[in-house]
Amino acid sequence: MKIAVMAPANRVEEHSLDALPAIAADYGVELVIDPQCWASGGGHTWAGPDQLRADTFLKYANDPSVHAVWFARGGYGSNRLFPLIFPHLEDAAKRKAYVGYSDMGFMLGALYAHKIGKPIHGPMPADVTRNDNGASVRRTLGWLVHGDKSGLEPGIIGSGRPAAAFNLSILDAMIGTPWLPDLTDHDLLVEEVSEHLYRVDRMMFHVANATQLSGIASLRVGSITLPPADGQADFGHNPDQIAWDWSKIMKVPYEGRALIGHDSNNHVVPFGQVISRG
């Protein structure tokens with residue numbers, strides 16, 4: 001299997017992925033890490049200007065020899081590439097997997113909305129620097145190469161329903177746009193990083209009242225991490241209470257916590273797949 005690594009949003013630190021090829025070799029993967037991952041320019045902390053990031057994405061998405069495009073890291077900026085990439089995707093782009101999370105939810109959601117390839121919410125190459133002996137990136141590789149269910153988010157196994165997972169800020173931004181996929185009858189999993197709970201509550205208001213999401217089957221919440229303390233008063237509701245409150249508005253069950261998020265417990269959620277227990 002040939003897997004290409006590129007960065008649609010922020011650049012990665014040079015040498016931060018040095019441990020990844022050896023891990024990929026354990027799975028018999030031919031790993032191609034594009035130098036664009038370390039590029040700079042174009043503003044923010046992007047891995048090069050929009051056009052460079054878009055061209056690099058298209059190079060691998062349209063390459064029939066590449067089985068999966070593994071997004072190097074998140075950040076911000078992948079949504080800026082939509083006009084530069086979607087008119088130029090070819091048949092080969094429809095036959096491969098795309099893996100990432102955080103800002104990459106923009107890419108995963110848009111690809112799923114347009115029925116292009118197999119979007120997967122899961123650990124990214126930059127997670128190889130986590131202090132977990134490579135467990136995070138191995139979940140992604142295990143699923144891509146062997147269909148290993150041990151790295152999947154446990155709650156999606158045997159549910160009998162498809163699922164999709166998003167960072168809450170990204171999902172919030174996609175609502176009302178043509179890039180948000182139809183998630184009717186899907187289990188929706190959300191997570192958030194470094195946001196105050198009142199902002200989480202505000203975004204959940206938007207999710208709960210979005211007509212585009214009125215057909216989801218259930219709601220679950222992954223890791224919700226708070227920003228550094230800055231004197232904010234206690235919001236009075238924890239993430240479970242927030243999700244439960246808004247799930248009642250959505251008229252769907254809140255089914256508890258999920259193993260997704262910006263931490264070493266982030267597990268794999270293939271969009272739209274019904275995963276059996278067998």
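See the structure printed just above.
These notes cover the structure that comes with them.

Conventions adopted
In every chain, residue numbers begin from 1 and rise along the written sequence. Local features in this predicted model are restricted to residues of pLDDT 70 or higher, and side-chain atom pairs are both shown and tallied only at a pLDDT of 80 or more, whereas totals for entire chains, interfaces and linings draw on every residue. Side-chain metrics in this entry use all non-hydrogen atoms of the structure; hydrogen atoms and water are not considered. Working definition: rings of Phe, Tyr and Trp (its six-membered ring) pair if their centres are within 6.5 Å, and the pair is stacked with planes under 30 degrees apart, edge-to-face with planes over 60 apart, and tilted otherwise. Strands are runs of DSSP state E lasting at least 2 residues, helices are runs of H or I lasting at least 4, and numbering of each runs from the N terminus. Accessible area is worked out with a 1.4 Å probe on protein chains only. A residue is then buried under 20% of its type maximum, exposed over 50%, and partly exposed in between. A pair is scored as a salt bridge if a Lys or Arg side-chain nitrogen falls within 4 Å of a carboxyl oxygen belonging to Asp or Glu. By convention a nonpolar core is built from buried Ala, Val, Leu, Ile, Met, Phe, Trp, Tyr and Cys residues, the set being connected through side-chain atoms within 4.5 Å. Only heavy atoms enter the contact rule, under which two residues are in contact if any of them lie within 4.5 Å.

### Considerations on the packing of aromatic side chains
Thinking step 1. Counted under the stated rule, the structure contains eight aromatic pairs.
Thinking step 2. Look at Phe 57 and Tyr 98: their rings are 5.9 Å apart centre to centre, the planes differ by 20°, and that puts the pair in the stacked class. Pair noted here: Phe 57 is in helix H2 (residues 50-61) and Tyr 98 is in strand S4 (residues 97-100), with a separation of 41 residues, a long-range link. As far as the burial class goes, Phe 57 and Tyr 98 line up, both buried.

### Examining the pattern of salt bridges
Thinking step 1. Throughout the structure, instances matching the rule amount to 11 salt bridges.
Thinking step 2. Residue Arg 220 is joined to Glu 153 by a salt bridge in which the shortest nitrogen-to-oxygen separation is 2.7 Å. Here Arg 220 is found in strand S8 (residues 218-224), whereas its partner Glu 153 is found in the loop between helix H5 (135-146) and strand S6 (163-167), with 67 residues between them in sequence. One exposure class covers both Arg 220 and Glu 153, and it is buried.
Thinking step 3. Shared partners join several salt bridges into a network, and the residues in it are Asp 50, Arg 53 and Arg 80.

### Structural notes on the nonpolar core
Thinking step 1. Formed by 92 residues in total, the largest nonpolar core has its most connected members in Trp 70, Phe 71, Tyr 98 and Leu 213.
Thinking step 2. Here this core takes six residues from helix H7 (residues 197-209), the largest share from any one element.
Thinking step 3. Once residues within four sequence positions are removed from consideration, Phe 71 is found in contact with Met 6, Pro 8, Phe 57, Tyr 98, Val 99, Gly 100, Met 104, Met 107, Leu 108, Met 124 and Pro 125.

Honestly, it's all geometry; don't read function into it.
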